[in-house]
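Examination of the molecular architecture
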Amino acid sequence: QVQLVESGGGLVQAGGSLRLSCAASGRTFSTYVMGWFRQAPGKEREFVAAITWIGGNTYYADSVKGRFTISRDNAKNTVYLQMNSLKPEDTAVYYCAAGLRLRVGFHPKEYDYWGQGTQVTVSS
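Presented here is a report on the structure given in the accompanying data block. (Residues numbered from 1 in each chain as written. Predicted model: local features only at pLDDT ≥ 70, side-chain atom pairs only at ≥ 80, totals over all residues. Heavy atoms only, no water.)

Attention now moves to the side chain of Thr 52. Along the chain, Thr 52 falls in strand β5 (residues 46-52). The exposure class of Thr 52 is buried, given its relative accessible area of 0%. Of the polar contacts made by the side chain of Thr 52, one reaches the backbone oxygen of Ile 54; its length is 2.9 Å. Reaching out from Thr 52, the side chain makes a polar contact with the backbone nitrogen of Asn 57 at a distance of 2.9 Å. Residue contacts for Thr 52: discarding those within four places in its chain leaves Tyr 32, Val 33, Asn 57, Arg 72 and Val 104. (Helix = DSSP H or I, 4+ residues; strand = E, 2+ residues; numbered from the N terminus. Buried < 20%, exposed > 50% of the residue type's maximum accessible area, 1.4 Å probe, protein only. Polar contact = N/O pair within 3.5 Å; in protein donor to acceptor, adjacent residues only side chain to side chain. Contact = heavy atoms within 4.5 Å.)

Shown next, in the form of C-alpha cells:
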C-alpha cells in the first residue's frame with residue numbers, strides 16, 4: 001500500500017502562485033510515476049502533470065504548460081506542483097496520484113493510489 005497526503009492548497013488571486021506538496025509513504029518503491037489531477041465542480045477529473053521517480057521525466061496538460069512545474073524529491077518521497085500565473089479556471093480540488101505501471105498515464109484509471117485532495121481557489 002501507498003499513502004499520499006497533499007498540502008498547500010488555498011485561496012489566491014488571479015495571477016498569483018501556490019505550491020502543492022504530496023508526501024508519499026508506504027511501499028513507494030513500487031511506484032513508477034506520480035501525477036497531479038484536478039476536478040472542478042460538475043466536471044470530470046482531469047490530468048494536470050506527471051513525473052517519473054527515476055529520471056524525473058515530466059509531462060503536462062496543454063492548459064498548464066508554461067505555468068505549472070512538477071518536481072520531486074526522492075529522498076523525501078515528496079512530489080511538488082508549483083503553480084504560477086493562476087487563473088480562475090484553475091479552481092478545483094487537486095489530487096495527487098501514484099501509478100504502479102511502468103508507463104506514464106494521463107487518465108485517472110491508470111493510477112493506483114490517491115490522496116484526499118486539496119482545494120485550490122483562484123479569485124478573479
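Turning our eyes to something else, we now look at the state of the cysteines. Summed over all chains, the structure comprises one disulfide. Linked covalently through their sulfurs, Cys 22 and Cys 96 form a disulfide whose S-S length is 2.0 Å. Note on the Cys 22 and Cys 96 pair: the S-S dihedral is about -75 degrees, so by sign convention the disulfide is left-handed. Linking Cys 22 in strand β3 (residues 18-26) with Cys 96 in strand β9 (residues 92-99), this pair joins segments that are 74 residues apart in sequence. As far as the burial class goes, Cys 22 and Cys 96 line up, both buried. (Disulfide = S-S within 2.5 Å.)

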